[in-house]
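Chain by chain, the residues run as shown.
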Amino acid sequence: MWGGFFFALVAAQKTGFPRELRFPSCAPPHIVATTPQDGDEGPKGQSMAHIIVVGNEKGGAGKSTVSMHVATALARMGKTVACLDLDLRQKTLGRYTSNRATFLKKEGIDLPSPQYHELPEIDAADVKQGENIYDLRLSAAIAAVESKSDFILIDCPGSHTRLSQVAHSLADTLITPLNDSFIDFDLLAHVDSDGTRILGPSVYSEMVWQARQLRAQAGLSPIDWIVVRNRMGAQNMVNKKKMQAAIEMLAKRIGFRTASGFNERVIFRELFPRGLTLLDLRDIGVKGMNISNVAARNELRELIKALNLPDVEINF
Ligand SMILES: Nc1ncnc2c1ncn2[C@@H]1O[C@H](COP(=O)(O)OP(=O)(O)OP(=O)(O)O)[C@@H](O)[C@H]1O
Ligand SMILES: [Mg+2]
């Protein structure tokens, strides 16, 4: 079944992508071969997992915050969700899931939760010439969960790494959170001095473009790329409008959808030590939510709706 991908990807490497963006020869066959196409089925006959990648090379854009909320929301909607964290140093998503397990155990509460998986260690002696150890680790992690999961959610680091680059080519859905700032926008595209004209794509959108090329040449479904604004505030109206206009302009140029994201709210950060999201509050005995928390839940609902994920019925 995967032989066609292999040859297409070998061909992709000969087409002259910019050198720094090109995958070494071993990467795509191992990795992309695990990505499902429409109608593909796992070994037990069930559909293979839909891969959601949350990425942006800019640090602090809200990737882990979005990852925690989307993964937990999907688990709460009855989906089996496997999580991988490619920030091997910070492991924020890993910390979140372990905080959740500890808190729920302490309180004696059972709540649906995403399942976190470490990338397996691989002995360097087992890496053949031309292979990349990170590709092998990611490939093994995905292979271990893909037939058992409805979704695999991958949280990427806020920098350009090999793991992040390869993960982008695996994305059925790519979510890119973006702070409401032209400093963050600069990783998607360069704009003129008053922020109204796009001058050209930037490093991150070029990386996504290359991941799309690889998928196209391998005959995989295109990446559904959704840019989500994060930490929006009530102030800075001029900047907010300029950002909105720039994002809309760019969406048409480089092909992404936009979704309304999260406003700047305390609730999006304060529940981390307990591994909770605002969807869990009622279950831990919180009676009545304040207006900001209700608004935050609506923001999460709108985001999940906009993602348009397969077989997801929103129930919150
Ligand atoms: N909507 C929000 N409201 C309030 N705080 C937020 C919101 N989104 C994110 N934050 C806070 O912003 C900081 C950065 O968020 P987060 O860690 O999710 O970003 P990241 O993109 O994963 O960062 P990194 O690139 O370091 O992995 C954190 O302190 C987080 O709690
Ligand atoms: Mg993070």
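Chemist: Please explain the packing of helix α3 (residues 63–76) against helix α4 (residues 92–107) as it appears in this structure.
Modeler: For any two helices packed against each other, the geometry comes down to the angle between their axes and how far apart the axes lie. At their nearest, the axes of α3 and α4 sit 9 Å apart, and the two run at 40° to each other. If you check the angle between α3 and α4, you find them oblique. For the pair α3 and α4, the sense of crossing is right-handed. Contacts between α3 and α4 involve S64, S67 and M68 on the former and, on the latter, T92, L93 and Y96. Grouping the amino acids of the contact of α3 with α4 by side-chain chemistry returns three nonpolar, three polar and no charged.

Chemist: I would appreciate a short explanation of the sheet that holds strand β5 (residues 173–179) in the present structure.
Modeler: Each strand in a sheet pairs with another by means of backbone hydrogen bonds, the pair being arranged parallel or else antiparallel. A sheet is described by the order of its strands in space; here seven strands give the open sequence β3-β2-β4-β1-β5-β8-β9, paired in parallel fashion. Only two strands of the sheet have a single neighbouring strand rather than two, namely β3 (115–116) and β9 (257–259). Across five bridges, the pairing between strand β2 (residues 81–85) and strand β4 (residues 151–155) is parallel. In the sheet register, V81 faces β4, and the bridge partner there is F151. Contacting β2, β3 and β4, α4 crosses the sheet at an angle of about 135° to β2. Its contacts with the sheet place helix α11 (residues 291–307) against β5, β8 (224–230) and β9, and it is angled at close to 165° to β8.

Chemist: Teacher, can you tell me more about the pairing of β8 here?
Modeler: When a strand is regular, its side chains alternate between the sheet's two faces. Within β8, six of the seven residues are buried, leaving the element largely enclosed by the surrounding structure. Note: β5 against β8, seven bridges, orientation parallel. Residue L178 lies in a different strand from β8, and its bridge partner there is R229. Pairing analysis gives three bridges linking β8 to β9, with the strands arranged parallel.

Chemist: What exactly am I supposed to notice about helix α6 (residues 162–170) here?
Modeler: Spacing of three or four residues puts side chains on the same side of an α-helix, whose turn is 3.6 residues. For α6, a buried count of eight out of nine residues is recorded, marking the element as mostly surrounded by other parts of the structure. Every buried residue of α6 is listed here: L163, S164, Q165, V166, A167, H168, S169 and L170.

Chemist: I keep staring at α11 and nothing clicks. Help me out?
Modeler: Compared with the 24 Å implied by 1.5 Å per residue over 17 residues, the 25 Å span of α11 between its first and last C-alpha is a close match. Three or more residues of α11 are buried, namely A296, E299, L300 and L303. Around the axis of α11, the buried residues are gathered within 95° of arc, so they sit on the same side. Opposite the packed face of α11, turned more than 90 degrees from it, sit the exposed residues I291, V294 and N298. Where α11 is buried, its residues touch α3, β8, β9 and α10 (267–270). Downstream of α11 by a residue or two, N308 has a phi angle that is positive, lying close to 55°.

Chemist: In this structure, what is going on with the site of ligand 1? I would like to understand it.
Modeler: Among the 19 residues in the neighbourhood of ligand 1, the closest are listed as K63, S64, T65, G158 and R269. If you tally residues by element for the shell around ligand 1, the top one is α3, at three residues.

Chemist: Just to check I follow, could you spell out the nonpolar core for this structure?
Modeler: Where a protein is soluble and globular, its nonpolar side chains tend to be buried together. Membership of the largest hydrophobic core comes to 66 residues, with the highest contact counts inside it found for V53, I152, L153, I154 and A167. Contact partners of A167, with chain neighbours within four places excluded, come to V53, L86, L138, I154 and C156.

Chemist: Teacher, can you tell me more about unusual backbone geometry here?
Modeler: One non-glycine residue, K91, lies in positive phi territory at about 50°. Topologically, K91 is positioned in the loop between β2 and α4. Given 18 C-beta atoms within 10 Å, K91 falls into the partly exposed group. A positive phi is found at N308, a non-glycine position, where the angle reads about 55°.

Chemist: Can you walk me through the packing of α6 against helix α8 (residues 203–217) in this structure?
Modeler: Axis separation between α6 and α8 bottoms out at 8 Å; the angle between their running directions is 50°. Accordingly, the angle class assigned to the pair α6 and α8 is oblique. Helix-helix and strand crossings are classified by hand; for α6 and α8 the assignment is right-handed. For the pair α6 and α8, the contacting residues are Q165, H168 and S169 in the first and M207, V208, A211, L214 and R215 in the second. For the contact of α6 with α8, the class distribution of residues is four nonpolar, three polar and one charged.

Parameters and conventions
Residues numbered from 1 in each chain as written. Chains lettered and ligands numbered in written order. Predicted model: local features only at pLDDT ≥ 70, side-chain atom pairs only at ≥ 80, totals over all residues. Axes fitted to C-alpha atoms, helices over the stretch in contact; angles between N-to-C directions. Helix = DSSP H or I, 4+ residues; strand = E, 2+ residues; numbered from the N terminus. Parallel < 35°, antiparallel > 145°, perpendicular 65-115°, else oblique. Left-handed = near helix turned anticlockwise from the far one by under 90°. Contact = placed C-beta atoms within 7 Å. Nonpolar A, V, L, I, M, F, W, Y, C, P; charged D, E, K, R; others polar. Pairing = 2+ DSSP bridges. Buried ≥ 20, exposed ≤ 12 C-beta atoms within 10 Å, placed from the backbone. Expected span 1.5 Å × (residues − 1). Arc of directions from axis to C-beta. Near = placed C-beta within 6 Å. Core = buried A, V, L, I, M, F, W, Y, C linked by C-beta atoms within 7 Å.

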